[in-house]
Amino acid sequence: MSRQPHAEMLREPAATADAPPGWARALLQWGVPLLTWLAALALTWRGRRAGATLQPPQAPITFYVPALGFLLLGCLPSLFAARAHRHRPHWLSRTTLLALTAAVLTVAVGLRLWRVADWPPPGIGFEEFQLGGRAEGLGSPYESLLAIYNLPGEHALTAWATALSFATFDQGFVQLRLPYILAGLVAPFLLLAVCRRLVAWESALFAVALFAVAWWPIAASRAADEIFFPMWVELLLLWALIELEDNGRAWAGFLLALSSGLLVYEYTSYHLALPLLIAYLVARLAAFGVRTARRTDPGARRDALARAWRTYGAAAVTMLLVWFILANLQLLRGGRAAHLFAGGAAQHAEDAGTLLTALATPRQLPAFVAGKLSVPLQAALLPGYGEQCRYLGTGAMPLFDPATALALGAAFPITAWTWRRRMHLLALVLAVLIITGAALLAPNANLHRYFTGLPVFFLLIALAADVVWQRAGSAAARWAVLGAFAGLAGYAAAVNAQRLERDVFTNPTYIESWRWPRTEIIRWIRAQPRTDAFCVALGDGDGDEIQGASPLSHEYRFLTRGWEISAAATLDDCPLPDPATAHPAVHVIWALPECPAGLGDRLRSRDDTVVERAPIALPARFEARVFTIPATL
């Protein structure tokens, strides 16, 4: 199979629109979309006028969402349009490739569900309590997505997904992480879908196999962190872009614009998707315009423009309208534009140790850039580089196994050498921007930032592997390449399985890092009936720190919603029931390291039915004593 350079692929639009449409086809292709475009514009304009009088999120719910709904309705006829198929011959038999694909995806799913009930433990990790608290405060998830996008800030999609999980499956440790687990399960399938549209089946399987067994995305798919979740949207965007290029159908344009808009308020590096996508499409349009202008035959120019409009026109108008609606929903609030890159690099613009402050000393700039960029390069293969995460092990372990690091290291120069091939330059630029931005624009070396580039990194591996695969012309050469693919994937699987089992899932340091006095007390309370009452004696000044014992701080309330809990400075402040009246069971938890003598006797002096329970083991090297007054209902 020969691979066309990207510039050659831009010579003509997709072949689906070569024949002039009939009246029925024209009605479906242009009549229905035109009506929905007008409806969407009218609703958006009405929403902008009403935004000054209606409080958020009423205006978005009333106008902008129906506008998006009308646009989606207008895209439905394109689902039934003819579809151009770019045939990519495969060398192995279809049966063999289907069996290998099933095996790779089964391994991917199996590893992502391996010991999922044991790790991470029911505790709180890096920023999980913040996401849980924000999601719990959003209320109905069906309105909260609009509410949080109406108030620009980072991690809107992440918080909404958690709120949706809470509303559907109750609130708890597992429910907090469920969206991230599901996103981790979906990602290998989306990566395969993207790779299959660009490279040979054999090359795609190699990249997806490396991604399927990589320890880092497997471990990260279990934790509720805003960096890890939107990766599937990034993959969806890439797939929609390929579908739009190949067929020009309006629903692909709608999906492309919507997915890029959803990433605007996620983690900083995800913001790159929208400006890079716009730059890419503008470059495509400019290249087409130059080629069309060079045609000497006026009739040929008109035909080329007509074919392009019939193929891509509806999708282009739909994309512009979706972006216009999202801009009104997300950016144009209160008569002013919000900052596109809220948080992230803009927040650290004046921090020491960033590129923006290093520019003041030009002579030291080369050494600064080299030192910063050496961290992610060495962290890819060697332990002890970057900022160590005490929850997942990044920094303590190499980010990639040696096989993946070797493949990724070769992918950058190969795709740079073959930049004219389809998607090579776009993927390369995006990967470089993510790496340099994470390394140079932040004051610390948090390796989590590079997670946003994982889909692009493995896409680069697929693109480079396909270059090697296509250059292997003889049967012997192709068997040798397949052997190398299989050997590297098998070695990666063995290394990553060992890292997950020994260095992550059973590592006492990481297990203990998820446990805090507060989470252990919450776990104990959640194991009791919701009809019981609880009082936690935790002294003064033990309020909002994550290490504290209070289960009532705002960001932890999502774990205790539905339980009647009070906090007291001392034991005497705990509201105990009157023994003469009917009451539910009451549990008193002494959550202070110093335990006075005769604590149980003091409680029994107030109620002689008090029973001491087994203590709650807390990570801070002390135990919380528990006393229960039985119910008298």
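For the structure itself, look to the data block above.
The written sequence of each chain sets the order in which its residues are numbered from 1. Only residues with pLDDT of at least 70 are given local features in this predicted model, and only at 80 or more are side-chain atom pairs given and counted; all residues enter the totals for whole chains, interfaces and linings. Hydrogens and water are ignored here; the side-chain numbers use all heavy atoms of the structure.

Describing the packing of aromatic side chains
Okay, step 1: Any two rings among Phe, Tyr and Trp, with Trp reduced to its six-membered ring, count as a pair given centres within 6.5 Å; such a pair is stacked if its planes are under 30 degrees apart, edge-to-face if over 60, and tilted if neither. Summed over all chains, the structure comprises 18 aromatic pairs.
Okay, step 2: An angle of 65° between the planes, with centres 5.4 Å apart, marks the rings of Tyr180 and Phe229 as edge-to-face. Of this pair, Tyr180 sits in helix H8 (residues 173-196) while Phe229 sits in the loop between helix H10 (215-220) and helix H11 (231-247); the two residues are 49 residues apart in sequence, bridging distant segments of the chain. The exposure classification of Tyr180 matches that of Phe229, with both residues buried.
Okay, step 3: Seen from their ring centres, Phe211 and Phe458 are 5.2 Å apart, and the 75° between their planes marks the pair as edge-to-face. Of this pair, Phe211 sits in helix H9 (residues 201-213) while Phe458 sits in helix H19 (residues 454-471), and the two are 247 residues apart along the sequence. One exposure class covers both Phe211 and Phe458, and it is buried.
Okay, step 4: Every member of this aromatic cluster is reached through a ring pair, and the members are Phe211, Trp216, Phe228, Phe400, Phe451 and Phe458. Helix numbering and strand numbering both begin at the N terminus, where a helix is a DSSP run of H or I of at least 4 residues and a strand a DSSP run of E of at least 2. Accessible area is worked out with a 1.4 Å probe on protein chains only. A residue is then buried under 20% of its type maximum, exposed over 50%, and partly exposed in between.

Points about the pattern of salt bridges
Okay, step 1: A side-chain nitrogen of Lys or Arg and a carboxyl oxygen of Asp or Glu constitute a salt bridge if their distance falls within 4 Å. For the structure on display, the rule yields 16 salt bridges.
Okay, step 2: The partner of Glu243 in a salt bridge is Arg197, and the shortest N-O contact between them spans 2.9 Å. Taken together, the positions of Glu243 in helix H11 and Arg197 in the loop between H8 and H9 put the pair 46 residues apart, joining distant regions of the chain. Like Glu243, the residue Arg197 is buried in the burial classification.
Okay, step 3: We note a salt bridge from Asp601 to Arg604, for which the minimum N-O separation is 3.5 Å. Here Arg604 and Asp601 lie together in helix H24 (residues 599-604), a separation of 3 residues that amounts to about one turn.

Considering the state of the cysteines
Okay, step 1: A pair of sulfur atoms, both from cysteines and within 2.5 Å, is called a disulfide here. Applying the stated criterion to the full structure yields 1 disulfide.
Okay, step 2: Sulfur-sulfur distance for the disulfide between Cys535 and Cys574 comes to 2.1 Å. Linking Cys535 and Cys574, the disulfide has an S-S dihedral of approximately -80° and is accordingly described as left-handed. Of this pair, Cys535 sits in strand E3 (residues 533-537) while Cys574 sits in the loop between strand E4 (564-568) and strand E5 (586-590); the two residues are 39 residues apart in sequence, bridging distant segments of the chain. Accessibility assignment for this pair places Cys535 and Cys574 in one class, buried.

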